[in-house]
Amino acid sequence: MRECLRSSPRGRFDRVSAFNDIRDYVAIPRVLSLRLSPDGSRLVSTVQSLNPDGKSFGTALWAIPVDGEPYRLTRSAKGESAAVFTAAGDVLFTSARPDVTVKDSTDEVPSLWLLPRAGGEARQVAARPGGIGAVRTAGDVVVFSSDVLDGEEAAEQDKRKARKDAGISAILHEGYPVRYWDHDLGPGRPRLFAARLGADRLEDVRDLTPDAGEALREGGFELTPDGATVITTWREFLPNGQWRTDLVAIDVAGGERRVLLSDEAHDFNGPMAVSPDGTQIACSRERHTGYDVSARSELWIADLATGQGRAYAPDLFPMDVEWAPDSSAVYLVADHQGRRPIFRVTPGDADGGDETVRLTQDDAAYLGLSPSPDGRFVYALRSAVNLAPGPARIDAATGDIADLPTPAPRPEVPGTLTEISATADDGATIRGWLVLPEGASAADPAPFLLFIHGGPVASWNDWQWRWQAWIMAQHGYAVLLPDPCLSTGYGQEMIDRGWGNWGPRTQADLDAIVDVALARDDIDSERVAALGGSFGGYMANWLAGHTDRYQAIVTHASLWHLDQFAGTTDAAMYWQREFGVPGGERYQLLSPHLSLDKITTPLLVIHGDKDYRVPIGEALRLWWDLRRTEVDSKFLYFPDENHWILKPGNAVAWYETVLAFLAQHVLGQEWKRPESVA
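(A) Inspection of the pattern of salt bridges at higher detail. A full pass over the atoms with the stated rule returns 44 salt bridges. D211 is the salt-bridge partner of R257, the closest N and O atoms lying 3.2 Å from each other. Of this pair, R257 sits in strand β20 (residues 257-261) while D211 sits in the loop between β16 (202-207) and β17 (221-223), and the two are 46 residues apart along the sequence. The exposure class of D211 is partly exposed, given its relative accessible area of 49%. Measuring nitrogen to oxygen at the nearest pair gives 2.7 Å for the salt bridge that ties D524 to R527. Within the structure, one salt-bridge network assembled from shared partners comprises D263, R285, R296, E298 and D315.

(B) A look at the packing of aromatic side chains. Applying the stated criterion to the full structure yields 25 aromatic pairs. Ring geometry for F237 versus W243: centroids 6.2 Å apart, planes at 65°, classification edge-to-face. Each ring, one from Y538 and one from W542, has its centre 6.3 Å from the other, and the planes form 25°; the classification is stacked. Here Y538 pairs with W542, and both are found in helix α7 (residues 535-546), just four residues apart, close to one helical turn. Y538 sits in the buried class, given a relative accessible area of 0%. Among the aromatic side chains, those forming a connected cluster through ring pairs are F19, Y25, F451, W460, W463, W465, W467, W654 and Y655.

(C) Expanded view of the confidence of the model for the protein chain. Summing up the model confidence of the protein chain, the mean pLDDT is 95 and the portion of residues at 70 or higher is 97%. Residue range residues 1-13 is modelled with pLDDT below 50. Its contacts to residues more than four positions away, or to other chains, number 45 contacts.

(D) Looking closely at the pairing of strand β39 (residues 603-608). Where burial is concerned, most of β39 is hidden: six out of the six residues are buried. The side-chain alternation of β39 yields two buried faces, one formed by L603, V605 and H607 and the other by L604, I606 and G608. Direction of pairing for strand β38 (residues 552-556) relative to β39: parallel, over a ladder of four bridges. Opposite H556, over in β39, you have I606 as the bridge partner. Crossover β39 to strand β40 (residues 633-638) through helix α11 (residues 617-628) is right-handed.

(E) How the structure looks around helix α6 (residues 502-518). In a regular helix each residue adds 1.5 Å, so 17 residues correspond to 24 Å; α6 covers 23 Å between its end C-alpha atoms and thus fits that length. All of the buried residues along α6 are W502, G503, R505, T506, Q507, D509, L510, A512, I513, V514, A517 and L518.

(F) Summary view of the environment of G186. One can find G186 in the loop between β14 (183-184) and β15 (189-197). Not counting residues within four places of it along the chain, the set of residues in contact with G186 comprises I171 and R217.

What counts and what doesn't
- Residues numbered from 1 in each chain as written.
- Predicted model: local features only at pLDDT ≥ 70, side-chain atom pairs only at ≥ 80, totals over all residues.
- Heavy atoms only, no water.
- Salt bridge = Lys/Arg side-chain N within 4 Å of Asp/Glu carboxyl O.
- Helix = DSSP H or I, 4+ residues; strand = E, 2+ residues; numbered from the N terminus.
- Buried < 20%, exposed > 50% of the residue type's maximum accessible area, 1.4 Å probe, protein only.
- Phe/Tyr/Trp six-rings, centres within 6.5 Å; stacked < 30°, edge-to-face > 60°.
- pLDDT = per-residue confidence, 0-100.
- Contact = heavy atoms within 4.5 Å.
- Pairing = 2+ DSSP bridges.
- Right-handed = clockwise from strand over helix to strand, strands pointing away.
- Expected span 1.5 Å × (residues − 1).

What follows is the structure, given as structure tokens:
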């Protein structure tokens, strides 16, 4: 065991107010992104914070000089996002703010704005009836995505208005899927547009993908440094509701498209980055899973001219990639042993000789890579289980880390973080983070909570705004954040161990590390509860029917009836690759609902009605099953939330209800209905 990351970053919130009062915690501003200017002098970041009404979040852009204090760049009621730099150092961003140069402007969708490097007011430079999404720029070329209705472009605004005026929300689908995570798909479809930066607005705006159909749905794209070529994901639809994702190259001048990377057994996805010399693409290659083929993702580097490429850095699932400025190496972020370090991958020749070096040696998690133009540094967002995200500078030669002044405070956590591990019944090592509240000791052992992560192909290695263990620590609980089978960062074997065997294998791993935690004298082994969301919610339901170890179980956005889930989720084709056709053997072995008659532990069921990944039917079925069998239970229902509880007031209600439920069943206190849901 060892204690980790006890640094003292700048701008700390008082820990008692930040974690004891959920409203103060929800009000903490959050750094969401990071991007470096072409001259390497400043970063731009999107920061989320409470709006003045206290009922919603808004976003603003902040500048972070690499040798100075952060300052705010934008301020509007609609917020700003998707910031990129032009070659001149101006900032392009998207916002639904009204255009003051247009009479009676009532913009409802994001348009494209430019904030001059020299200062002054932002001005709108492009707008589309369906809004503007992601943006990339090189030289005077700008490429952006937009949602487009079928038909003549000139009539699109009228078509959208006609639908709205007629009260038509219907969408006629002729393919799959129809929803994604938290939003409906259609009736518009994404396309890519190219333009040139003009004196006042974008000029020569052209549709690069008029025949895209659904091919660009939920995809990503990059622009070569010379602005000549767009590299984008391209979805190819296959029989029986399946699809494959290729990478294609599109000529910006003429719109000609060629397939760059395609493999019938793999998807080529983001993160992706084009080398500064414009000759190579680095991306993620994900193999198609199957009944006996587990999830696997790898770094893939290919030649942009020929499409020839190969895999690098085995066992590292790419979360972010960026090239070194001389195009000699790729910086890669990937989960690894409960951390998310930065690695430097230097390709060898065709016969091998590749070198993968871990650059950062701390316990942190990194994202938002931005190498400096001179190659000396890599800038990134740095965070950890006990450290809120903030900008950092990493020496590219030594790996030395320096936190930069941050535009958002980093709250001081109320306790300590310790790493523990256990040996599972099959000999595998299971590790995790243990959050301990202040004052936990043999004389005053802390009640214990098991947090089970979602995914299931994921890991506990980063700061959590939604599943915040430090709120629980402030209320006296110890919290275990384990990485059982199917967790990333432990090699392919860890994923293979749980593939198609979710419940039994995962429970055995959890049991092993919970045993180790509960053997400590500073933890109360008689007062324990389990909590999980998504796949973690599936496991919470599984534990409810397979053990009486826990005094209470909280199950959020959880899978209950696998056969039902497999046909109603937004990506049925993915889950059925692993479980087979609904009604098959794995559904009978692994569905938690089949153990309903064995559940005696009190359950708190939580679900959002707009959750399309785990549809509300799972919670409704679970709730009715618990009611008809008279299991002690409660149902916290959010009509306007999705897979995540995102609105400030609802987040308060979530934490207060969970804490009240735990206080009743773990601490033995009388049930007190929280005021937030009274």
